Amino acid sequence: MMYKGYVDDTIEVTTKKRVLIMEMFDFSKVIVMDHTSKPTEGEMMIEQLVPGLIEENTLSVIAAPSFAGKSWVAMAMARCVNDPNYKFIGFGTEVERPVLYVDKEMGTKQFKDRWNRLGGQWEPGNTFHYADLTGEYFSLSERSHVMALAQFVVAKGIEFVVIDSLGAASGGAEENSNSTMLAVMDNVKVLRAVCAVMIIHHTGKNAKKDDLDSNALRGASAIRDQCDNVFFVNTHEGTHRTLRENKRRNKAGEIEDYAFNMLFDGGNVSFELEDKMKPISADFQRVVQTLIDLDAPQSGNALKKALRQAGLTVKNDDFNPMLERMEREGLIEIDRTSGRGWKITVSDAGRERYEDVDLMTGYRPSELVDEFEQVEHDIDDECDTCGYFPCECDA
């Protein structure tokens, strides 16, 4: 590749097959790091828009199947950022922050109805902004469109933008193409430079609605790869939902599931937090019991192969995080000093908790009472005279 010169603020690039005109990047904007000085505490801190949930200048995706309530949850998060008096499943902020909801799905009438049912204020001049773009050509695949949006965000001092949804706002871009979606997500990062962004997305048709994992997002893997955070809304029986943290780039602690009820009461919508749930406990049991059966330290690949042979679905992206969580809970031990990968063994606590425990009943055989033996025992206690237990001879 040879650079031939400048043409009206562009660079003409000659290749063997074609000539491309590329926009010239302004390298004067590149920040040079001074490695001789330490950053200040303020420079090292990532500001929390909603502590424990949303950080400044992050790019998040929230996804779920249709009718799971993902738009409701995203709107609740937006209100949580904007309104210090509103709490979403225990999360909240003490500072009112300007928010923009970019709508390519619902339209003003439906959005306004939902916002009112969440208890949000719909008043001119407040710091919650709404853009109905359902009838407009706006596309995240167009850099100029995203730049215009970023300029509006800066002008209004907006700190959090929700885009509903990725498919509708991408202008027909091919979601299954990594190169296409990488370009779309790069455009979104222009917006991330000036505020935090959350994009509503759909899950794939084969995703389990109650146990969404890293492969559940619809479309190319570049979508997840380019995000800082990925949230899933798992749907369970009735009103039960789970907000699953699938990817959290800047979170200090472990990722978690937050169980809640999505309640519709007299037209109003609210979210009631349940106890935090720890997922894949059944998988923990299968891992421990497989290690017990193998009766020797296992490499990660050998254990993965044994689990798959036993019928357990093991996804590569989830496997090591699952093992590390099991190690933190004391169920297994991982030796990382061999120089040839991990050596994994079951711990005494893991053996005590899961050895011989039936996957279906959750009990050991010794803990189950045999029904026939119980009946025989009852018969032995019957009165020889009246034949009843307890005796009814004196009745």
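Look above for the structure.
Bear in mind that the values here come from a model prediction, so they are computed numbers and not experimental data.

**So, the packing of helix H4 (residues 143-156) against helix H5 (residues 178-192)**
And step 1. Packing of H4 against H5 leaves a shortest axis separation of 9 Å and a crossing angle of 15 degrees. Taken together, H4 and H5 sit at an angle that is classed as roughly parallel. As for how H4 packs across H5, the hand of that crossing is right-handed. Contacts between H4 and H5 involve Arg 143, Val 146, Met 147, Leu 149, Ala 150 and Val 153 from the former and Asp 186, Asn 187, Val 190 and Leu 191 from the latter.
And step 2. Here the residues of the contact of H4 with H5 sort into seven nonpolar, one polar and two charged.

**Here's the deal with the pattern of salt bridges**
And step 1. Summed over all chains, the structure comprises 15 salt bridges.
And step 2. Between Glu 256 and Lys 251 there is a salt bridge whose closest N-O contact spans 3.8 Å. Both residues of the pair, Glu 256 and Lys 251, belong to the buried class.
And step 3. Between Glu 355 and Arg 351 there is a salt bridge, with its nearest N and O atoms 3.6 Å apart.
And step 4. Residue classification places Glu 355 among the partly exposed residues on the basis of a relative accessible area of 27%.
And step 5. A cluster of three or more residues bridged by salt bridges with shared partners is formed by Glu 55, Glu 245, Arg 248, Lys 251 and Glu 256.

**Examining the packing of helix H2 (residues 70-82) against helix H3 (residues 108-117)**
And step 1. Where H2 meets H3, the axes come as close as 11 Å, and the angle between the chain directions of the two elements is 65 degrees. Crossing handedness for the pair H2 and H3: right-handed. In contact with Ser 71, Trp 72, Met 75 and Arg 79 of H2, H3 contributes Phe 111, Arg 114, Trp 115 and Arg 117.
And step 2. Here the residues of the contact of H2 with H3 are counted per class, giving four nonpolar, one polar and three charged.

**Here's the deal with the pairing of strand S13 (residues 257-265)**
And step 1. Sheet topology note: the strand S12 (residues 240-248)/S13 ladder contains five bridges and is antiparallel. Among the inter-strand pairings, Arg 241 is bridged to a residue of S13, identified as Phe 260.
And step 2. Alignment of S13 against strand S14 (residues 268-273), held across six bridges, turns out to be antiparallel. Each residue of the ladder has a partner; that of Asn 261, found in S14, is Glu 272.
And step 3. Hairpin geometry of S13 and S14 is characterised by an intervening segment of two residues between the two adjacent antiparallel strands and by a positive phi of about 60 degrees at Gly 266.

Conventions adopted
Residues numbered from 1 in each chain as written. Predicted model: local features only at pLDDT ≥ 70, side-chain atom pairs only at ≥ 80, totals over all residues. Heavy atoms only, no water. Axes fitted to C-alpha atoms, helices over the stretch in contact; angles between N-to-C directions. Helix = DSSP H or I, 4+ residues; strand = E, 2+ residues; numbered from the N terminus. Parallel < 35°, antiparallel > 145°, perpendicular 65-115°, else oblique. Left-handed = near helix turned anticlockwise from the far one by under 90°. Contact = heavy atoms within 4.5 Å. Nonpolar A, V, L, I, M, F, W, Y, C, P; charged D, E, K, R; others polar. Salt bridge = Lys/Arg side-chain N within 4 Å of Asp/Glu carboxyl O. Buried < 20%, exposed > 50% of the residue type's maximum accessible area, 1.4 Å probe, protein only. Pairing = 2+ DSSP bridges.

Any link to function would need more than the numbers given here.
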